[in-house]
Amino acid sequence: MTSETKFSPGLEGVVACETRLSHVDGEAGKLIFSGHNAVDLAENKTVEEVWFLLRHNRLPDAKELKAFRAKVEEAGKLTEDEVKIALKLRVGEPLSAFRSILSAIASHRKLKPWLNRDMSEIDEEILALSALAPQIVEVIHKGKRPIRKARNNGYAERYLWGINGRRPDAEAVQAVETYLILTMDHGMNASTFSARVTASTGADVGAAITTGIGTLSGPLHGGAPGPVLDMLDGIGEADKAEQWVEDQLTGGRRIMGFGHRVYRTDDPRALTLRRVAEHQSGFRVDLAREVEKAVLDKLSERQKAKAARLGVAVRPLRVNVEFWTAVVLEHAGIPRELFSSTFCTSRIIGWGEHVREQIGNNKLFRPLSEYTGPDVE
Ligand SMILES: CC(C)(COP(=O)(O)OP(=O)(O)OC[C@H]1O[C@@H](n2cnc3c(N)ncnc32)[C@H](O)[C@@H]1OP(=O)(O)O)[C@@H](O)C(=O)NCCC(=O)NCCS
């Protein structure tokens with residue numbers, strides 16, 4: 001390392017890529033997707049419209065949207081062979097099964113390293129892998145071939161329909177659609193970064209997306225909403241929240257659904273999903289509100305005390321997207337063991353677009369490391 005290069009644990013504060021896809025303004029609590037406020041998109045658009053926006057850097061007109069929706073639906077159908085592969089590999093935790101199935105399908109499709117190949121071919125491979133997510137989750141969950149979803153209203157509805165086994169009601173679809181859009185992309189998060197790193201080696205796009213799934217599975221990234229429900233179950237009643245939180249923090253444990261690497265104010269996705277949850281008025285909303293308040297109070301107390309002790313600025317810890325996700329997805333009828341796979345069903349779209357962007361202007365990722373071992377004797 002030269003004298004100018006400095007080790008940054010977790011690459012915190014390091015700019016690793018340029019992207020036109022999304023921007024997280026952690027100070028202002030703002031999330032932008034290709035020049036649009038992500039919250040506005042989530043409240044007013046469909047998954048396919050936002051997917052098109054990321055892909056083409058503009059929203060589609062009605063004709064383009066119709067064509068894109070049809071293309072995504074067609075690309076999203078598993079072949080007979082792929083259904084058999086999925087049925088064989090649907091073992092263990094659903095997101096691990098998802099990872100294995102996607103990887104196996106990419107091999108089965110004989111995807112080749114992208115280097116020195118025609119970009120239009122690679123574009124199709126990426127779209128096709130991302131579009132498969134709803135049917136992959138359906139096979140993992142149901143253990144049988146996907147059912148027909150006649151005259152469905154798009155990606156979000158097909159996803160929920162596959163899980164519930166019947167046409168879902170419009171309110172549940174709207175809630176899930178909002179969630180899927182809000183979580184579709186998020187700057188240089190860990191899984192997106194890892195997908196781009198794999199793509200940067202020239203590997204096939206299946207390898208890049210499979211990498212993203214592996215990275216997403218950790219509880220510090222995409223695995224938190226299931227444990228959030230476990231936490232709400234564990235607390236049980238609102239008046240027990242404060243003591244429960246105190247016990248967790250005293251025990252040195254992390255509270256799932258709180259804290260974020262980039263946001264220093266409210267995560268706009270969490271605020272939007274809280275509104276969705278309040279609108280759904282499910283049985284957990286009141287408890288969730290009380291728990292959120294108790295956690296925020298305690299975390300703020302601790303962070304202030306720590307900052308005073310160390311003589312540094314207070315680092316605020318706020319609610320993140322995973323907390324209210326848990327409440328919204330449960331109310332929409334998605335079982336908690338599928339929460340991470342649901343996250344994957346939206347983020348896989350973002351990974352695909354980042355992989356395209358990486359390929360379009362590639363530079364192999366190869367950071368340095370600081371050697372801390374002994375010198376040669
Ligand atoms: C998301 C997360 C990994 C971001 O972490 P980060 O920016 O790297 O911050 P750090 O892990 O360095 O934590 C900074 C400090 O805040 C504390 N902290 C952060 N999140 C916390 C949480 N949810 N509960 C309790 N303490 C927390 C850490 O213990 C640490 O304290 P210390 O300096 O005394 O050791 C972290 O906030 C976390 O673990 N959250 C819980 C898991 C979660 O909700 N994940 C989903 C993210 S969308």
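Scroll up to find the structure this text is about.
These figures come from a predicted structure and were not determined experimentally.

Trainee: I would appreciate a short explanation of the overall build of the protein in the present structure.
Mentor: Within the protein one finds 17 helices and three strands. Since a compact globule built from 377 residues should have a radius of gyration of about 21 Å, the 21 Å found for the protein is in line with a globular shape. Taken along its principal axes, the extent of the C-alpha atoms in the protein is 65 × 60 × 40 Å. Across the 377 residues in the protein, those meeting the buried criterion constitute 50%. If you take every contact in the protein between residues at least 6 apart in sequence, the share linking residues at least 24 apart comes to 75%. For the protein, the accessible area works out to roughly 18100 Å², and carbon and sulfur atoms hold 51% of it. Within the protein, one finds 52 positive and 52 negative side-chain charges whose respective centroids are separated by 3 Å.

Trainee: For this particular structure, what's the right way to read empty space enclosed by the protein?
Mentor: If a probe the size of a water molecule is rolled over the atoms, the empty space left behind becomes visible. Evaluated as defined, the whole model comprises one cavity of 30 Å³ or more. Considering only enclosed or pocket space, the largest cavity measures out at about 30 Å³ in volume. Counted by class, the lining of the largest cavity contains four nonpolar, four polar and two charged residues.

Trainee: How do you make sense of the nonpolar core when you look at a structure like this?
Mentor: General note: in soluble globular proteins, nonpolar side chains tend to be found buried as a group. Counting 105 residues, the largest nonpolar core has Phe-33, Phe-98 and Phe-323 as the members making the most contacts within it. Of the residues that make up this core, three or more belong to each of domain 1 (22-219 + 335-360) and domain 2 (225-329). In contact with Phe-98, not counting residues within four places along its chain, are Ala-133, Ile-136, Val-137, Ile-140, Ile-213, Ser-341, Cys-344, Thr-345 and Ile-348.

Trainee: Looking at this structure, I do not really get the packing of helix H2 (residues 47-56) against helix H9 (residues 170-182). What am I missing?
Mentor: Between two packed helices, the angle of one axis relative to the other and the distance separating the axes together describe the packing. Contact pair H2 / H9: the axes reach a minimum separation of 9 Å and the direction vectors enclose 15°. As judged from the angle between their axes, H2 and H9 are roughly parallel. In this structure, H2 crosses over H9, and the sense of that crossing is right-handed. For the pair H2 and H9, the contacting residues are Val-47, Glu-48 and Val-50 in the first and Glu-177, Leu-180 and Ile-181 in the second. Among the residues making up the contact of H2 with H9, the classes are represented as four nonpolar, no polar and two charged.

Trainee: Can you walk me through the pairing of strand E1 (residues 22-25) in this structure?
Mentor: Every other side chain in a regular strand lies on the same face of the sheet, so the side chains alternate between the two faces. In E1, alternate side chains face the same way, and those of Ser-22 and Val-24 are buried while those of His-23 and Asp-25 on the opposite face are not. Pairing of E1 with strand E2 (residues 30-33), which is carried by four bridges, proceeds in the antiparallel orientation. By the bridge assignment, Ser-22 is partnered in E2 with Phe-33. Hairpin connection, E1 to E2: the antiparallel pair is bridged by four residues, and Gly-29 has positive phi, about 70°.

Scoring rules and cut-offs
Residues numbered from 1 in each chain as written. Predicted model: local features only at pLDDT ≥ 70, side-chain atom pairs only at ≥ 80, totals over all residues. Heavy atoms only, no water. Helix = DSSP H or I, 4+ residues; strand = E, 2+ residues; numbered from the N terminus. Rg over C-alpha atoms; globule rule 2.2 N^0.38 Å. Buried < 20%, exposed > 50% of the residue type's maximum accessible area, 1.4 Å probe, protein only. Contact = heavy atoms within 4.5 Å. Areas by Shrake-Rupley, 256 points an atom, 1.4 Å probe, with all protein chains shown as cover. Lys, Arg positive; Asp, Glu negative; His and termini not counted. Charge placed at Lys NZ, Arg CZ, Asp CG, Glu CD. 1 Å grid on protein atoms, 1.4 Å probe; cavity = no way out; pocket = protein on both sides within 12 Å on 5 of 7 lines; lining within 4 Å. Points joined across faces, edges and corners; volume = space filled by probe spheres on them. Nonpolar A, V, L, I, M, F, W, Y, C, P; charged D, E, K, R; others polar. Core = buried A, V, L, I, M, F, W, Y, C linked by side-chain atoms within 4.5 Å. Domains from an automatic or database assignment. Axes fitted to C-alpha atoms, helices over the stretch in contact; angles between N-to-C directions. Parallel < 35°, antiparallel > 145°, perpendicular 65-115°, else oblique. Left-handed = near helix turned anticlockwise from the far one by under 90°. Pairing = 2+ DSSP bridges.

By themselves, these are just geometric observations and shouldn't be taken as functional.
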